[in-house]
Amino acid sequence: MAENRVPFEQLEQHADFIERHIGPSDADQQTMLAELGFDSMDAFIGKVVPEAILSHEPLALGDARSEAEVLDELSRIASQNKVFKSFIGMGYYNTHTPTVILRNLLENPAWYTAYTPYQPEISQGRLEALLNFQTMICDLTGLEIANASLLDEATAAAEAMTFCQRVSKSKSKTFFVSRECLPQTIDVVRTRAEPIGVEVVVGDHRTDLDQCDCFGVLLQYPAVDGDVHDYADTVAKAHAKQALVVVAADLLALTLLKPPGEFGADVAVGSAQRFGVPMGYGGPHAAYFATRDANKRLMPGRVVGVSIDSHGNKAYRLALQTREQHIRREKATSNVCTAQVLLANIAGMYAAYHGPKALKTIAQRVHRLTCAFAHGLGKLDFQVSTAAYFDTVTVRTGERTQAIHAAARTRSINLREIDDATLGLSFDETTTRFDVETLWEIFAGEGRAIPSFAACETAADDRIPAALSRTSEYLTHPVFNTHHSETQMLRYLRSLSDKDLALDRTMIPLGSCTMKLNATTEMIPVTWKEFGGMHPFAPLEQAQGYQAMIRELEDMLVACTGYDAVSLQPNAGSQGEYAGLLAIRAYHKSRGEAHRNICLIPSSAHGTNPATAHMAGMQVVVVQCDERGNVDVADLKAKAEKHAADLAAIMITYPSTHGVFEAEVREICDIVHKHGGQVYIDGANMNAMVGLCAPGKFGGDVSHLNLHKTFCIPHGGGGPGVGPIGVKSHLAPFLPGHHMLDKAGDAAAPVCAAPWGSASILPISWTYIKLMGRQGLKQASQVAILNANYIAKHLAPHYPILYAGENGIVAHECIVDLRPLKDTGITVDDVAKRLMDFGFHAPTMSFPVPGTLMIEPTESESKEELDRFCDAMIAIREEIRAIENGAVTADDSVLRHAPHTAMDLVGEWGRSYTREQAAFPVASLRNNKYWPPVGRIDNVYGDRNLVCACPPMSDYE
Ligand SMILES: *Cc1c(COP(=O)(O)O)cnc(C)c1O
């Protein structure tokens, strides 16, 4: 009997997450390896990763752990966070996320696992949601056009600064910032101004603007201490000197206050956090950016617009230069790529669920509570120094400041300490009359009676000046006046997500974007209140859980990358690039070499690279690639030598954007180092490297990672993301800092608003690494490479595969070349749209090579799914052959008419192919069919007839 007994370790493997994350079973992996001609994974990887960089050491991480164990550990860590009731304000407020939105949007993979809507036909749901967001922003700010989100309020203000410089006719190099702006906004604006030679003057908008010749002005509305200023005179003064005016405005306040667009502002920016998005210790939250119609073509970020499809029906798409950086490179106006789509959608839905009336009620209630509180403080002999306000007041507390502060803490309340003698309080939709009474008790001190709430509420006057009260309507569109019952909202959310293809339905084989499993266990902690409820400026001693998790994640990322230190602050890959180049810049400066400003970038680079270099004040010099897609080492040598005196850096991507492990990478790094430059390795392709090789070990000085690619944070339909940077020790002193952590003021400048950026989604990556352990992470990289090679091998007889390495092998992605099919008239677009009929999201189109598709399956896709995808690609190849054979023209082909909607199939049928061929080209579709909700969308029409807000209901009839 003992012989048949299964060993306990085997029983325990039942809990193995690795097998759940990795698609192909061990047996499938062996089959796939055999097909590729290898008898072991090690032999295979030995052929892919150059021996010179291949690591033979295990990662310095723990063993893989079960899902139950890891969640248990994290919940213990989370419980070390002391979530106090926050009255700190400063851009972050408590909010109630409507539970119907919490569960069916924020916690719903149909929403959070979607990709950026570059393929609009399969993205109509989230495009509609984003259009709602844009419409809401336009309505509330009183401006004409808004984008579909930026990263946070501070970076949005910085984007507004460079926007003003582009639009303004003033020749000045100065940007005026009101000293009453949020301090984190002022800091990030300063960070962004310095490298591009803009001088920031911070002053009193009432007195200091007169003497200041500037191209733009930034104001806060309401101001950081709560004051609601009438900015009409300031705007007039600014306009008289050709300066543009940016108003950073609070959306909830705008339901009661005259909107910026009505007092002459040219731009409004701000955060949509308090519309239902938890504070999350700083993020992620959607920032907004709105401006006048005349300036729309210079606006940063993505904009959703309305167009028509092949049937003439209304359809949504990303409007205007959707991949701006890829087209304009270092002339791009901004490097923002991943933004905050999921959070923008939450905010838009919050507005749709409440509607204009309830939103106004929420704002009025917050205001009334604030007024009543201030009135009561007067009765307790405190002086409230704010005269006109919405939700925030400043109180002179003199010698009692520390005592009040301490009393608040004992009751789990955080106040804002403005200085030794002043406290600030901000109220929000979660504030109750009980909170107000508690605060009075705290201010009153031991043994002193507090005033009556009812009496104070009745006696207190409203504090919004009549001249600044809002009279205009907002959110009048039916979408904001229909979905107020839970049933309606539930169905609206469902109807939208049903239109979209996300990872919960199909693989999304997007090269360079790494759309892999976002495991449910990884997502669970995100909405724990211990993580969601923390204010980013809460005292560190209350955030010990966060601090422990953050330090551990930093250490684990150090282990994965081979660097010495990590900063988790940057809230997207683009921001990581920026932080990395700023570190390089500061390093050169510290050595008396501030003149170094040349940044070498290979022609194949992702568009964010040149755009970022430009923002960091560097001059881009393009290095050629050879016919295999590798950096042309001779050209690199020549350019490094030529610019040796001024060489600041090179930015390379590894494995390259062509999906190749370049054997010469060490040599490339050496050449740059020899000429005094630093090596930036874009780590977006880290999914091919974890556990196999490390950028910090083969010559990189700094890299960003995309936690929303390699480390399992879902893409959210275009954000959130996290773009931490790893650096070698010599760059560590130049990692981004934050004023909240550094009262002395000698840390490096921050790149975003919150000290740890999008802190509340870091548990996703922490959980992933813990679950996989050192073995699992390495296996993930191996299988990612195996899956890509399996696809390459299966497609190679049908399509040329570009840029295989020396031995015919690719890295974790492969490029299918469609250019040889050009004579048939078939384009990448036709193939991408036809894939939708098969239920697939297209691979990355025309990057890095025009006329190609870049396929990255990732390790999480099973052999069956890879086969299903290959079958689709091969079937499409056969359809193209019918054109080659002259049986049908491209215009009449099933490809050109793709994608096919259900409506397409009814009624008269005059096509060159059957209805079955249109909708069910392979048998498996009979079982599981996705119907594209619209036909192919006309991009040109959309840009010519730009509409970026919800169309009137009459358009639908
Ligand atoms: C995704 C990507 C980026 C940009 O990252 P975001 O998080 O979208 O800002 C940069 N470089 C490469 C190679 C990428 O694939």
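Everything numeric in this text was worked out from a predicted model, so none of it was measured.

Asks: Give me the site of the ligand: which residues, what numbers.
Replies: Around the ligand there are 14 residues in total, and T338, S512, D682, H708 and K709 lie nearest to it. Note that an oxygen atom of the ligand is positioned 2.7 Å from one of the backbone N or O atoms of G573. Between the ligand and S574, the relevant distance is 2.8 Å, taken from an oxygen atom to a main-chain nitrogen or oxygen of the residue. In isolation the ligand has 380 Å² of accessible area, and contact with the protein removes 98% of it. Here the ligand is seated within the largest cavity. Its residues placed into classes, the shell around the ligand shows 3 nonpolar, 8 polar and 3 charged.

Asks: I'd like a rundown of empty space enclosed by the protein, residues and numbers included.
Replies: Scanning the model with the defined rule gives 8 cavities of 30 Å³ or more in all. Looking at the largest cavity, its volume works out to about 270 Å³. In terms of lining residues, the largest cavity is bounded by 28 residues, among which C337, T338, H606, N706 and K709 are the most central. No other element matches the 3 residues that helix α21 (residues 573-590) contributes to the lining of the largest cavity. Of the residues assigned to the lining of the largest cavity, the class counts are 6 nonpolar, 17 polar and 5 charged.

Asks: Residues and numbers for the UniProt feature "domain: Glycine cleavage system P-protein N-terminal" (unreviewed entry) in the chain, please.
Replies: The positions that UniProt labels "domain: Glycine cleavage system P-protein N-terminal" (unreviewed entry) are, in the present scheme, residues 19-443 and 461-738. Its end C-alpha atoms 38 Å apart, residues 461-738 is made of 31% helix and 12% strand.

Asks: Give a description of helix α15 (residues 433-444) that names residues and reports values.
Replies: Between its terminal C-alpha atoms α15 stretches 16 Å, which fits the 16 Å expected from 12 residues at 1.5 Å a residue. Listed in full, the buried residues belonging to α15 are D435, V436, T438, L439, W440, I442, F443 and A444. One or two residues past the end of α15 sits G445, with phi positive at roughly 85°.

Asks: Before we move on, could you go through the domain arrangement of the chain and cite the residues and values that matter?
Replies: Here the chain is partitioned into domain 1 (354-468) and domain 2 (779-942). The distance between the C-alpha centroids of domain 1 and domain 2 comes to 60 Å.

Asks: Could you give me a rundown of unusual backbone geometry, with the residues and numbers involved?
Replies: Between G283 and the following residue, P284, the backbone shows a cis peptide bond with an omega angle of 5°. In this fold, P284 is placed in the loop between β7 (267-271) and β8 (287-291). Phi is positive for C712, which is not a glycine, with a value near 75°. With respect to the helices and strands, the residue C712 is situated in the loop between β21 (702-705) and β22 (725-727). Assessed through its relative accessible area of 0%, C712 is described here as buried. Despite not being glycine, T858 has its phi angle at roughly 70°, a positive value. Among the structural elements, T858 can be located in the loop between β26 (852-855) and α27 (863-884). The class of T858 is buried, set by a relative accessible area of 1%.

Asks: Go over the nonpolar core with me, naming the residues and quoting the values.
Replies: The biggest cluster of nonpolar side chains holds 236 residues, and the ones touching the most others in it are F44 and M136. Sorting elements by how many residues they give to this core places helix α13 (residues 341-379) first, with 21 residues. Composition of this core by domain shows at least three residues from each of domain 1 (354-468) and domain 2 (779-942). Not counting residues within four places of it along the chain, the set of residues in contact with F44 comprises L33, L36, F38, Q782, I785, L786, N789 and I809.

Asks: Go over the pattern of salt bridges, please, and point to the residues and values.
Replies: Inspection of every chain in the model, using the stated rule, returns 45 salt bridges. Residue D391 is joined to R274 by a salt bridge in which the shortest nitrogen-to-oxygen separation is 2.9 Å. Taken together, the residues span a long stretch of sequence, with D391 in the loop between β11 (383-384) and β12 (392-396) and R274 in the loop between β7 and β8 at a distance of 117 residues. As far as burial versus exposure is concerned, D391 and R274 are alike and both buried. With a closest N to O distance of 2.7 Å, E457 and R368 form a salt bridge. On the criterion of sequence distance, the pair formed by E457 in helix α16 (residues 453-459) and R368 in helix α13 is long-range, its members being 89 residues apart. Residue E457 is classed as partly exposed on the basis of its relative accessible area, which comes to 22%. Through salt bridges that share partners, R65, E69, E73, E552 and K770 make up one connected network.

What counts and what doesn't
Residues numbered from 1 in each chain as written. Predicted model: local features only at pLDDT ≥ 70, side-chain atom pairs only at ≥ 80, totals over all residues. Heavy atoms only, no water. Near = heavy atom within 4 Å. Polar contact = N/O pair within 3.5 Å; in protein donor to acceptor, adjacent residues only side chain to side chain. Areas by Shrake-Rupley, 256 points an atom, 1.4 Å probe, with all protein chains shown as cover. 1 Å grid on protein atoms, 1.4 Å probe; cavity = no way out; pocket = protein on both sides within 12 Å on 5 of 7 lines; lining within 4 Å. Sits in = over half its atoms within 2 Å of the grid points. Nonpolar A, V, L, I, M, F, W, Y, C, P; charged D, E, K, R; others polar. Points joined across faces, edges and corners; volume = space filled by probe spheres on them. Helix = DSSP H or I, 4+ residues; strand = E, 2+ residues; numbered from the N terminus. UniProt positions renumbered as here; feature names shortened; annotations may be inferred. Expected span 1.5 Å × (residues − 1). Buried < 20%, exposed > 50% of the residue type's maximum accessible area, 1.4 Å probe, protein only. Domains from an automatic or database assignment. Core = buried A, V, L, I, M, F, W, Y, C linked by side-chain atoms within 4.5 Å. Contact = heavy atoms within 4.5 Å. Salt bridge = Lys/Arg side-chain N within 4 Å of Asp/Glu carboxyl O.

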